[in-house]
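Commentary on secondary and tertiary structure
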Amino acid sequence: MARLALITGGTRGIGAAVAQRLDADGLRVAVTYHGNETAAQDFAAHHPIPVYKWDVTDFDACRSGIERIEAELGQGVDVLVNNAGITRDAVLHKMSVAQWREVVDDDLGACFNMCRNLIHGMRERGWGRIVNISSINALKGQFGQTNYAAAKAGVIGFTKALALESARKGITVNAIAPGYVATDMVHAMDPQVLAGIVAQIPVGRLGEPDEIAHAVSFLVDERSGYLTGATLSINGGQYMA
Ligand code: NDP
């Protein structure tokens, strides 16, 4: 039976590209979303991939959502892509407690909520692939993003620690740190700020969601079992850590 992959935030942006790529690779795929019904309906109309809705910041919702997927699809989740994320930008001296907590809960807390509820099954079956989507801004910092940079840097530490804990169980855990990729998240930025950022990217353009999906496909491949605890930068040369 084909491996089952679950992608959080998989109905648009990078997550949707990952879902389509893993589907094309021959995996069974399920995706989740949170509140954008238009994107979810559009995705469901164009792809034969089951779509589930829950808030990944809610631990119990993650547990029951995963149980439902495994029951409906008749197998355990073998591949998890923790992709869901948000930004709530503000300089620290103006950042609200809500802006801090929402980003830490969504971009970092969700990795715990999802992995904690899936890791037992992967350990029992002796195989798993986890890919956590971090960010270039975890590595280099970014003005107005103390919350996001901290959460995404936390994702990298989480990835390394879980990779160590999981190595003997056939489970790899890796992170991807994308640079600026052409999705809603980036198109929501001030156009002038975005133009200034693109001017600093050696490749001279934004990344495409497919280019991140290509790396996920590589990391979750059967042959990538010796690759764990890594953070793969895909940023057009913008930051070389
Ligand atoms: P988008 O804003 O385009 O999509 C985000 C996805 O995450 C949506 O599907 C959204 O669901 C989902 N999501 C957000 N919060 C929750 C939640 N609490 N519960 C469930 N689902 C949730 O983002 P991108 O595709 O641009 O980004 C994907 C990932 O890549 C994120 O982690 C982001 O931080 C990271 N990243 C993106 C970069 C970029 O340049 N685009 C650069 C570096 C990292 P819904 O559609 O329902 O809102």
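Let us look at the structure shown here. (Residues numbered from 1 in each chain as written. Predicted model: local features only at pLDDT ≥ 70, side-chain atom pairs only at ≥ 80, totals over all residues. Heavy atoms only, no water.)

In this section: the packing of helix α4 (residues 97-125) against helix α6 (residues 146-166). Direction vectors running N to C along α4 and α6 enclose 15°, while the axes themselves pass 8 Å from each other. Taken together, the axes of α4 and α6 lie roughly parallel to each other. The way α4 lies across α6 gives a crossing that is right-handed. Facing α4, whose interface residues are Q99, W100, V103, V104, D107, L108, C111, F112, C115, I119 and R123, α6 presents T146, N147, Y148, A150, A151, K152, G154, V155, F158, L162, E165 and S166. The residue inventory of the contact of α4 with α6, partitioned by class, reads 14 nonpolar, 5 polar and 4 charged. (Axes fitted to C-alpha atoms, helices over the stretch in contact; angles between N-to-C directions. Helix = DSSP H or I, 4+ residues; strand = E, 2+ residues; numbered from the N terminus. Parallel < 35°, antiparallel > 145°, perpendicular 65-115°, else oblique. Left-handed = near helix turned anticlockwise from the far one by under 90°. Contact = heavy atoms within 4.5 Å. Nonpolar A, V, L, I, M, F, W, Y, C, P; charged D, E, K, R; others polar.)

To describe a pair of aromatic rings, one takes the distance between the centres and the angle between the planes. Scanning all chains against the criterion turns up 1 aromatic pair. A ring pair is formed by F59 and F112, whose centres lie 5.8 Å apart and whose planes are at 25°; its orientation type is stacked. Taken together, the residues F59 in helix α3 (residues 59-73) and F112 in helix α4 connect sequence positions 53 residues apart. With relative accessibility at 28%, the residue F59 sits in the partly exposed group. Assessed through its relative accessible area of 42%, F112 is described here as partly exposed. It is R3 that lies over the ring of W127; its NZ or CZ is 3.6 Å from the centre. (Phe/Tyr/Trp six-rings, centres within 6.5 Å; stacked < 30°, edge-to-face > 60°. Buried < 20%, exposed > 50% of the residue type's maximum accessible area, 1.4 Å probe, protein only. Lys NZ or Arg CZ within 6 Å of the ring centre and 35° of its normal.)

As a further point, take the environment of I156. In this fold, I156 is placed in helix α6. A residue is classified by how much of its surface remains accessible, and I156, at 10% relative accessible area, is buried. On a C-alpha basis, the gap between I156 and Q75 in space is 29 Å, while along the polypeptide they are 81 residues apart. Ignoring sequence-local partners within four residues, the contact set of I156 consists of S134, A138, L139 and T231.

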